[in-house]
Amino acid sequence: MVWEKLLSLKRHGDQSKRLRREQNETRLGFEVDYDRVIFSAAFRSLQDKTQVIPLSKTDFVHTRLTHSLEVSVVGRSLGRIAGEKLLQKHPFLKETHGYKFGDFGAIVAAAALAHDIGNPPFGHSGEKAIGEFFAHGEGKRYQSLLSAKEYQDLIDFEGNANGFKLLTESREGVSGGLRLSYATLGAFMKYPKESLPKKPSAHIADKKFGFFQSQKEFFTEVAGELGLISTGRGKDIAYSRHPLTYLVEAADDICYTIIDFEDGINLGLISEEYALEYLIKLVKDTINTKKYNSLTIMADRLSYLRALAINTLISDAVSIFIENEEVILDGTFGVSLLDRSNYKAQVADIIQLSVNEIYCSPGVIEKEIAGYKIISDILEVFTRALVRQMEGKPTNYDKLLIQTLPPEYRNTQGSIYSVLLNASCFVASLSDSAAVHIHNKISGKQL
């Protein structure tokens, strides 16, 4: 892979080439990507989607929205620092093509801002709930009507693939979705493969999948424009990662490791003593003990340690990225940047404590259980209504249900796969509160 292709400014539908040196410096194409994501309806819905604590009643616990904003800030720093070093290493990118270090930051920030845009309500349990509806629930009846890859898309419903669909899908009057630059779409594509074969290698890019069958044609176009390396065998579609994806992933890893931990402390699920014991291991080389001891409020102490910890991990991640640039460019760097971190053990300790005390806390588990039931029930009534409509046999109840759907999810003129995928994506689009509200309506609990 080569940087001059990886930094493509091309957008869906472009008839002529966009050159970096001809860009308007007051409104760069990569910065436009960020604007388009932040003004999108799908991004706004993240304000009421679970990050750690479902349906939290407190103000300071992170949602997917605040998490995404923070990941974009960390990603921007990672991209800018890495970009500065890359331009020193490859001066032709600046001298010949006109790229600046801020371009790298803008690409990573925009991709990071969008990284959770396709996630369903109730956190990662929402993905599993959609998948289990088709694997073990009422949705299993449709298996014989689908290809193996179409069925796999549903039983392993993936927020990353749904995110790519949201960012790129054309609909009437809107060609190419948000029409982001191919560089930003490439950086967004964390798992650049289709749903089958499942985990064909131990490479981190093969851990999950990044696009539904309905988007494979455009996905392949983006990958080809960027010069990503094809790794698929036969008719299977898979590519190497865009190098900047590693920085997007690092930004996410840094934020959820440190900030989820901070949320747990603020909620009283983890004692402050653990913060001292775990976080200080990360910041022992940079902490100003006098300043730390002068902070009398717990939130201020946590904020100080959090900032130092994030800065420590940013510096470490950039160093790993630059040191491994060649193997990243040839597609053979098979782990995340933090897996090579000098602080891998400390990060692992923090994550394990968060798993034990936050993610597996009774309040979280109880709400996730409710989320499974809510998502399954909503999927059942809407898939049945849409399929009956497709077959020309809708009941009056089915017709009423379909009228409540946003227009983009009502189309039943396509294949059974497109109808079922649309129903799943509708459920994925819901915020936590909206899912509860719809469930109450269809259950007759609320008028």
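Check the entry above for the structure.
It should be emphasised that the depicted structure is a prediction, and the values quoted were computed from it without experimental measurement.

Calculation rules
- Residues numbered from 1 in each chain as written.
- Predicted model: local features only at pLDDT ≥ 70, side-chain atom pairs only at ≥ 80, totals over all residues.
- Heavy atoms only, no water.
- 1 Å grid on protein atoms, 1.4 Å probe; cavity = no way out; pocket = protein on both sides within 12 Å on 5 of 7 lines; lining within 4 Å.
- Points joined across faces, edges and corners; volume = space filled by probe spheres on them.
- Helix = DSSP H or I, 4+ residues; strand = E, 2+ residues; numbered from the N terminus.
- Core = buried A, V, L, I, M, F, W, Y, C linked by side-chain atoms within 4.5 Å.
- Buried < 20%, exposed > 50% of the residue type's maximum accessible area, 1.4 Å probe, protein only.
- Contact = heavy atoms within 4.5 Å.
- Axes fitted to C-alpha atoms, helices over the stretch in contact; angles between N-to-C directions.
- Left-handed = near helix turned anticlockwise from the far one by under 90°.
- Nonpolar A, V, L, I, M, F, W, Y, C, P; charged D, E, K, R; others polar.
- Expected span 1.5 Å × (residues − 1).

Draft legend 1. Molecular detail of the layout of surface pockets. For the second largest pocket, the calculated volume is near 840 Å³. Taken together, 33 residues line the second largest pocket, and the ones lying closest to its centre are L166, E169, R171, E408 and Y409. At the level of secondary structure, the elements contributing two or more residues to the lining of the second largest pocket comprise α3 (41–44), α9 (159–168) and α20 (416–429). Considering each element in turn, the lining of the second largest pocket owes the most residues, nine residues, to α20.

Draft legend 2. View of the nonpolar core. Within the largest apolar cluster, 90 residues are counted, with the highest numbers of intra-cluster contacts made by W3, L244 and F321. The greatest single-element share of this core, amounting to 13 residues, is contributed by helix α15 (residues 298–323). Sequence-distant contacts of L244, defined by excluding residues within four places in its chain, comprise W3, L7, F104, I107, V108, A187 and F321. Counting residues in hydrophobic clusters, the runner-up holds 39 residues, among them L146, C425, A428 and A435.

Draft legend 3. Examining the packing of helix α18 (residues 362–391) against α20 more closely. At a minimum axis separation of 9 Å, α18 and α20 run at an interaxial angle of 145°. With respect to the hand of their crossing, α18 and α20 are arranged in right-handed fashion. Of the residues in α20, those touching α18 at I375, I378, L379, F382, T383, L386, V387 and M390 are I416, V419, L420, A423, S424, F426 and V427. Residue composition of the contact of α18 with α20, grouped by class: 13 nonpolar, two polar and no charged.

Draft legend 4. Seen up close, helix α7 (residues 124–135). Helix length check: α7 (twelve residues) gives 17 Å between terminal C-alpha atoms against 16 Å at 1.5 Å per residue, within 8%. For α7, a buried count of nine out of twelve residues is recorded, marking the element as mostly surrounded by other parts of the structure. If you follow the buried residues of α7, they end up packed against α8 (148–155), α9, α18 and α20.

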